[in-house]
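Residue-level structural notes
So you can see what is in the structure, the chains are spelled out below.
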Amino acid sequence: MAPVSGLLVDALETCSPRADLLMSRVAFDIFGMIPAGEVTVAARVVRPGRTIELLEAEMTAGSRTLVRATAWRLATSDTSAFAGNDLDAIPGPEDARPLDLTGTWRGGFIRSVEARVVGQAVPGSSTVWLRTRFDLVEDRPTSPIARIFSLIDTANGVATRAHPDDLLFSNTDLTVHLFRRPTGSWLGLRTEVSFGPDGLGLTAAVLYDVIGPLGRSAQTLTLRAAR
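Quick summary incoming for the structure in this document. (Residues numbered from 1 in each chain as written. Predicted model: local features only at pLDDT ≥ 70, side-chain atom pairs only at ≥ 80, totals over all residues. Heavy atoms only, no water.)

Looking at the overall build of the protein chain
Helix and strand counts for the protein chain stand at four helices and 12 strands. Relative to its length of 227 residues, the protein chain is compact, with a C-alpha radius of gyration of 17 Å against a globular reference of 17 Å. Its C-alpha atoms give the protein chain principal-axis dimensions of about 50 × 50 × 40 Å. Across the 227 residues of the protein chain, 43% fall into the buried class. If you take every contact in the protein chain between residues at least 6 apart in sequence, the share linking residues at least 24 apart comes to 65%. Taking the 23 positively charged and 25 negatively charged side chains of the protein chain as two groups, their mean positions are separated by 2 Å. (Helix = DSSP H or I, 4+ residues; strand = E, 2+ residues; numbered from the N terminus. Rg over C-alpha atoms; globule rule 2.2 N^0.38 Å. Buried < 20%, exposed > 50% of the residue type's maximum accessible area, 1.4 Å probe, protein only. Contact = heavy atoms within 4.5 Å. Lys, Arg positive; Asp, Glu negative; His and termini not counted. Charge placed at Lys NZ, Arg CZ, Asp CG, Glu CD.)

The following block contains the structure:
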């Protein structure tokens, strides 16, 4: 789902582009398993506007919708005199230790990600930095916002409360709120995972780049015993 998120944001970013608007919230709904094969991505403006626009993008395989994303783009203005937040800073990637995620997760995507951990991770809580050297689309540079989005869904796999061989905790959605434009190639995640007693869970993360905090993400989890 992580690179799919990036591809959909890339499509949203290039759909009727507006230099005077920035994406502030993107919500993804996942309708089922995502195949490793040929897919189609398309985006459209749902609600055009002078200062606020709503966009939608879909990934399909044949006649089946795999993932749908909706995004709000908001007008930019100079609010630097009022900028601020109360989110804690975290040490940068240069102060973090290498983290091997392939012991928990299999597949080509996780092998393509460089991961570093800050401090001591515990079940359900961790602070990590991620980046990838691969572009989303061959022979076309990936923008900073699409590159960041191509990693955010990984939050559900960097602070595991249970091993996936014992419990499945797939996310049915991903919602991202940004309060500034991302920069650079590193994504920082300060992640907390909560499991409830009735088969529901939540993965929530504060998002960072090397400048500092830039937003939050949340993922609804469905918990099922692994077979």
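Things to note about the nonpolar core
If you look at the biggest cluster of nonpolar residues, it comprises 40 residues, and the most contacted ones within it are V26, F28, F149, L189 and L207. Ranked by residue count, the leading element in this core is helix 3 (residues 144-152), at six residues. For F149, the contacting residues outside a window of four places in its chain are A2, S5, G6, V9, V26, F28, V176 and L178. In this structure, L87, I90, A96 and V206 belong to the second largest nonpolar core, which totals eight residues. (Core = buried A, V, L, I, M, F, W, Y, C linked by side-chain atoms within 4.5 Å.)

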